[in-house]
Structure formats: structure tokens, C-alpha cells
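# Secondary and tertiary structure notes
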Amino acid sequence: MFGLPLRCRAGLSALVVLTSQLVANAALASDFGLGRAHPTGRVAQGWELAQAEDDHAAHHPAASGSSGGAAGAPPGGATPGMMGGMDGMMGRPRKEFYPALMDMPSLSAEQRSNLEIQARERISAETDRLAGAEMDLRHAIAGSDIVAADQAARRLRESLNAVQSGVVALRSLHEGKPPQQIAQAWFRSQMNLLPRQGAMDADDGTPGVSWFHVTTMALLVLFSLAMLAVYLARMRRANALVDRLTRAAVAPAAAAPLVSPPAAGVPNDKPEATSSQETDRHPRRVEASRSWKGKLRICAIYQETPNVKTFRLQAPDGGAIPFAFLPGQFLTYAIEIDGQAVRRSYTIASSAAQTAYVETTIKREDGGLLSDYMHGHLKEGDLVEVAGPSGAFTFTGVEADSVVLIGGGVGITPLMAAIRYPSDIAWPGQIYLVYGAQTTEQFIFRDELEYLQRRMSNLHVAATMVRAAGTSWMGSEGQITAEFLTQAVPDLARRRVHLCGPPGMMDALRKTLIGLGVPREQIKTEAFGPARGAVPPPGKVAAEEQMPAAEASNRGAATVGPATATIRFATSDKVVALPPDKSVLEVAESAGVSIDYSCRVGVCGVCKTHLLQGNVTMEVQDALTADDKANGLILACQAKSVGDLVVEA
């Protein structure tokens, strides 16, 4: 027996004590099944006893140093003492069960035979001890000696556990299982885990891969692929959206020339556009994101209402206009009147898909310097200087799937561009036009809107005004109210709204829309009227109270209030008085200092100027970005101050 390898001896000790523990657990479960109560510590008693015996034997290796010691030892401690002695001879402390069994090598036939002899000797010795304990128990019970009976019962149980451990050892040896599988089976039984067929059948005791692992890994791989596909799909949609927005910005430039509204059968009776020239004669068009400045020729003038005219402009040599624009942008006219250059901005009313010409619809205001001149003096064939396009009050169809256009008076001009362009590109979204005018005589584009409404199933027009003498009107009368809006536009709160008209109307309708549940960020506005805070020239106050924003006066005016500060124009090296009610632009004009401008209402940004010293207030600063403000830029048309200023002009 002592010819066994040292690793085999350590594993055999662990195997015997392991089987003892398994038998003790089985006996405990049996006792519980019979309704017997056991202290909590009794479960581990057999385990601790085996450990104590092994530790004791480790200190006395001579006590069991021969094979004869196993047979001649007391019945209760033959095998554990022998195992402890073997560990003591190896000169190292006893190892725990699981590591010892996992380290045990495969057993040869001779080694298995020796182990089987030891197991049978253990069973024989423990059987004799079991018989003696049973006899002592009978005598104790007969003599009513409870203490002796308890001791006899304990010896009986210990002998039974020892016999069972020997039987388990024989069974393991006969089945030929390696020590590693025995250790794994013990570990799973202690952890209440079910044995796995694939792992138990392995020859070397290593755990196998079950179908559960394969299925789980396959599901994880599929889930990862699905997430990757979703990510790629989202990236493709994002790229498509960016491309669509980019194309929309230059779409008018790339759009093919379209024929102007039909002459025959169209209620506005406008003649067709002049035929385009040869391709090599067409000037190169500037993209919509860039500004252009030059001269265009007036090729046609149309009378829309008694005080509103449309001026159609084209390239001087024919062909396509030399710039592209977006629906809702405006042009700035520069015309010399009585030796003074006058600039005014007017919204483009024609379709952005039309490349042969561009139209601006202009109302003749009482006292309006440039509008009065254009209505009274300009004629077909004249050349006019324009710059642009400018403005951010645009709608191309990519911003929303439907749009509500609300206008008053001449404020319909940018809205008309937002109707004509979707019509030309066959945009499928719903368009709702809500329009208000003073009388039917001032209903701009009435005939064309009736024509377009018959042709466009997605165009819905609702107008309210007073019937003028000699005209017919069966529609609503009065102002645009919340009730009128809800009747004209279903689901108003979820739609994008473009609002354009006089400032008073704008403020009232904005509050109405917010009260109807329209989010503020969905309301886009452009005002027509005098620049807020701008001071009109002397004698023009009453005449220009209703002047559109494009008609804000640019003439130098006398000081309305006392000048309490000065402004120094650094580039021009001029110092002049700065009244508190005058903008920097107005003072510059009166002093002969040149500052470029366009809209004069704070939305185009042409008059941006560097403020070198001082502080200003600006009632409107829509054209300034956060970077502009951080770099000290101001809008000359809006900037006012009660203190001294130094500007770069």
C-alpha cells in the first residue's frame, strides 16, 4: 500500500473523508424525514471529527506507519489515522478535499486494488464496531441508562457512516471514475447544482460546452448584429437628412427653368416670361447662401391692386438671373433720387424654382420715398441696382410636413413665394393660407390664389376682409381671431406657422397662437412696419406710421431730442453729436459717414459695425449671432446710446 505515489495518498485521504461527509449528510436527511430534531452544529460533526483525527495522526506518523496498523487500529479510526499518517510522512499539512482530488493523478490497476483492500478492511472493522455499539445500546435501554444509551447511539451512527464511506469508495473504484469527476460531483452536490451530462462524460474530468452555452452565445451574437444594423440605419438616415438639407439650400440654383404662370386661362392675365437664351449666354448663378450685387432689367410691371405693383426683373442680357434664392428672402434696391442714394428692401414674391426672372411686389406708401418713386417713375426696360438675396424667413418644404401661412396686407408677399415654390416642385404637404386685408379691393393675388386653389388639392385658403363697393365677396369679414384660425386650420397646434404683417397684427396673433397651443419655436415671423425705435424724418411721422419695414426711412433727420453724448467714427475720423433717440446709422448718414445697410430693421445684418468703445442698446438684434456679440459687433440701424461711443466706420 505504501508503494502508492504521494499525490495518490493525499487524494485517497480526501476521497475517504469526502465519502464520510456524504454519508453523514444522507443520515441527517433521513433523521429529519423521521421527525427527529438535531442541533445546528451536528451536521458538521462528522466532518470536524475526521479533520481532528487527520490532524492528530499528522503529529504521530509512527502510529500508523505500516499496513498492519490499519488492521490493528481501533475500529473507529483505522482509515482516517492512516490518511493523516500518510500526509505526515509527506512532510506537508493536509490539503482540503477539492484541491487534493483535483491534483490526484489517474490510478493504475495495482493502486486501485490496494485501495479496494483498504476499503474492505474499513468496512469489516466498522461492522464489528457497529455490532458492539448495537449491543451496548440494547443493554443501556434495558437498564434505563440514558447517558450510556446516548453514547451507544453516537457510536452506532459513526460506525454506520464509516461503513457507508467504505461502500462509496468501493463503488467509485468499481465504476472507474477519475478523482477529478468525483471532486466535481461533490462540489455540485454541496452547491445544490444538477450534474451536466456533457461535463460528467468527459474523459479528463474537464467541463464541456452545453447547448445552453451555444444558444446563449448565438443569441448574443444576433443581438449585437441587430444593434449594429440599427446603428447603421440611423447613420444612413442622418446622412440622408444632412444631404437633403444641403440640397435644399442650393435647390433653387440647381432647379431647371420653369415656365412662368400660364398666360392663357390664368386669372391674373400676366404674359409669359421671355424665352430663355442660349445656354452659353446665361450668366453663372450665385448660390442661395451667397449674396450678389449688380443691375437687373425691369422686363414687366403688373398692377395687382390700386396701390400695389409687381416688378419683374431679369438679367440685362436675358437668360437666368445671376443668383439663387430661397422662398421668403428679400432683395435690396439702391436707386439714386434727387442726387441721394436710397436703399429699401422688398421681399421676393416669385417662385424660387423660377430662374428666368425674379419678382418683388411693392405697395405704394404715402410718403414712402422709394416706393413712390418706383410706382411713378420706373418703367419696363429700366436698369435697377439690387443686392441680395438676404433673410431667414424661409420655407422650402424640408422644415416641416405642413405649413400655416398667416399674412396681413402686403405681408402676403413672402407667403406667396412659399406657395408658388411648393407648387412648382409638386410638394405633397398641406399648405394653409390665412389672410386678412382691409377691403376686397386690397386683396393682393386674389385671382392667382383662386386659380392655384383649383389646381392644388393641398392648398387651403381662408381670407377675411370687408367687401368694397363694386366688388363681390362671400367670405368672412373682420379681423383674424382665434375662432377663425381654428376653423380654417385643423390641428393648428402641431403645425409650423409663418406670420407676416404689420407689427400690431403680429403681436396680437402671436399671443393668439400661443394661447391655442402652438409652441413658440414653431412660430416664425417677419414684420412689416417702421423699425421699432427708429425715428422718422421731420414731417414724415404721420405719413409713415403705416410704412412697411422695407420702407423705413434712410434720410438724415434733424435731432429730435437734445444731444447728450458724442460719437466718433474712427475710420472716417469724424466726431458728431449723438442724440439719444437716433441710431448710429442715422447719425452716420447725417454726418456723411458711409455704413452699408439693407433692411434697417435689424434682421439682415448688412449694417454690422464694430463698437470700439461705449455701450449701446438695440431693440432688435436678430441678425447678431453669439459670436458677433462676443466680438463687439452691433447693428448700426438699431444701436442707440446716451453715452459717448467710438465705432469703426
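Bear in mind that the values here come from a model prediction, so they are computed numbers and not experimental data.

We now examine the pattern of salt bridges. Applying the stated criterion across every chain yields a total of 13 salt bridges. In this structure, E134 engages R138 in a salt bridge whose closest nitrogen and oxygen atoms are separated by 3.3 Å. Here E134 pairs with R138, and both are found in helix α6 (residues 109–142), just four residues apart, close to one helical turn. In this structure R138 comes out as exposed when scored by relative accessible area, which is 53%.

Pairing is mixed in the open sheet, where five strands are placed in the order β13-β12-β18-β14-β16. Of all strands in the sheet, those bounded by a partner on one side alone are β13 (574–578) and β16 (633–635). For this sheet, the mean inter-axis angle between neighbouring strands, taken without regard to orientation, is 40°. Relative to strand β18 (residues 645–647), strand β14 (residues 608–613) is paired through two bridges, and the arrangement is antiparallel. Bridge pairing in β18 links L611 to V647.

Moving on to the confidence of the model for the protein. With 65% of its residues at a pLDDT of 70 or more, the protein has an overall mean of 75. For the protein, per-element mean pLDDT is lowest for helix α3 (residues 67–72), which scores 36, and highest for strand β2 (residues 308–314), which scores 97. Scored below 50 in pLDDT, residues 26–95 makes 72 contacts in the model with residues more than four places away or belonging to other chains. In this model, residues 198–206 is a region of pLDDT below 50 whose contacts with residues beyond four sequence positions or in other chains number 16 contacts.

This brings us to the packing of aromatic side chains. One pass over the full model with this rule turns up six aromatic pairs. On the basis of an interplanar angle of 55° and a centroid distance of 6.5 Å, the ring pair of F323 and F325 is categorised as tilted. Owing to a relative accessible area of 0%, F323 belongs among the buried residues under this scheme. One aromatic cluster is present, formed by W292, F323 and F325 through successive ring pairs. Looking at R312, its charged tip hangs above the ring of Y357, at a distance of 3.8 Å from the centre. It is R420 that lies over the ring of F445; its NZ or CZ is 5.0 Å from the centre.

A few words now on the pairing of strand β7 (residues 402–408). Successive residues of a regular strand alternate their side chains across the two faces of the sheet. Counting buried positions along β7 gives seven out of seven residues, so the element sits mostly inside the fold. The side-chain alternation of β7 yields two buried faces, one formed by S402, V404, I406 and G408 and the other by V403, L405 and G407. Regarding the hand of the β-α-β motif, the stretch spanning β7, helix α12 (residues 412–424) and strand β8 (residues 430–439) is right-handed. Here five bridges tie β7 to strand β10 (residues 496–501), and the two strands are oriented parallel to one another. By the bridge assignment for β10, G407 is matched with C500.

Looking now at the nonpolar core. Core analysis: the largest hydrophobic core is formed by 30 residues, its most contacted members being L405, I419, I431, L433, Y435 and L449. The set of elements that each furnish at least two residues to this core consists of β7, α12, β8, α13 (446–455) and β9 (459–466). Sorting elements by how many residues they give to this core places α12 first, with five residues. Ignoring sequence-local partners within four residues, the contact set of L405 consists of L415, A418, I419, I431, Y432, L433, V434 and H498.

Moving on, we come to the sheet that holds strand β3 (residues 330–337). If you trace the six strands from one edge of the open sheet to the other, you get β4-β3-β6-β1-β2-β5, paired in antiparallel fashion. Strands at the two margins of the open sheet, each flanked by one partner only, are β4 (340–347) and β5 (358–363). Across the sheet, the mean angle separating the axes of adjacent strands is 40° when strand polarity is ignored. Of the pairings in the sheet, the one linking β3 to β4 comprises eight bridges and is antiparallel in character. Residue F330 lies in a different strand from β4, and its bridge partner there is T347.

Looking at helix α11 (residues 369–377), one finds that the buried residues are L370, S371, M374 and H375. Seen from one end, α11 has its buried residues packed into an arc of 130°, which puts them on one side. Tucked inside the fold, the buried residues of α11 contact β2, β3, β4 and β5.

This paragraph deals with unusual backbone geometry. Omega for the peptide link from G388 to P389 comes to 0°, which places this bond in the cis form. In this fold, P389 is placed in strand β6 (residues 383–390). You will see that F445, though not glycine, has its phi angle at about 65°, which is positive. Following the sequence through the fold, F445 ends up in the loop between β8 and α13. Taking the relative accessible area as the measure of exposure, F445 reaches 4% and is therefore buried.

How each quantity is defined
Residues numbered from 1 in each chain as written. Predicted model: local features only at pLDDT ≥ 70, side-chain atom pairs only at ≥ 80, totals over all residues. Heavy atoms only, no water. Salt bridge = Lys/Arg side-chain N within 4 Å of Asp/Glu carboxyl O. Helix = DSSP H or I, 4+ residues; strand = E, 2+ residues; numbered from the N terminus. Buried < 20%, exposed > 50% of the residue type's maximum accessible area, 1.4 Å probe, protein only. Pairing = 2+ DSSP bridges. Axes fitted to C-alpha atoms, helices over the stretch in contact; angles between N-to-C directions. pLDDT = per-residue confidence, 0-100. Contact = heavy atoms within 4.5 Å. Phe/Tyr/Trp six-rings, centres within 6.5 Å; stacked < 30°, edge-to-face > 60°. Lys NZ or Arg CZ within 6 Å of the ring centre and 35° of its normal. Right-handed = clockwise from strand over helix to strand, strands pointing away. Core = buried A, V, L, I, M, F, W, Y, C linked by side-chain atoms within 4.5 Å. Arc of directions from axis to C-beta.

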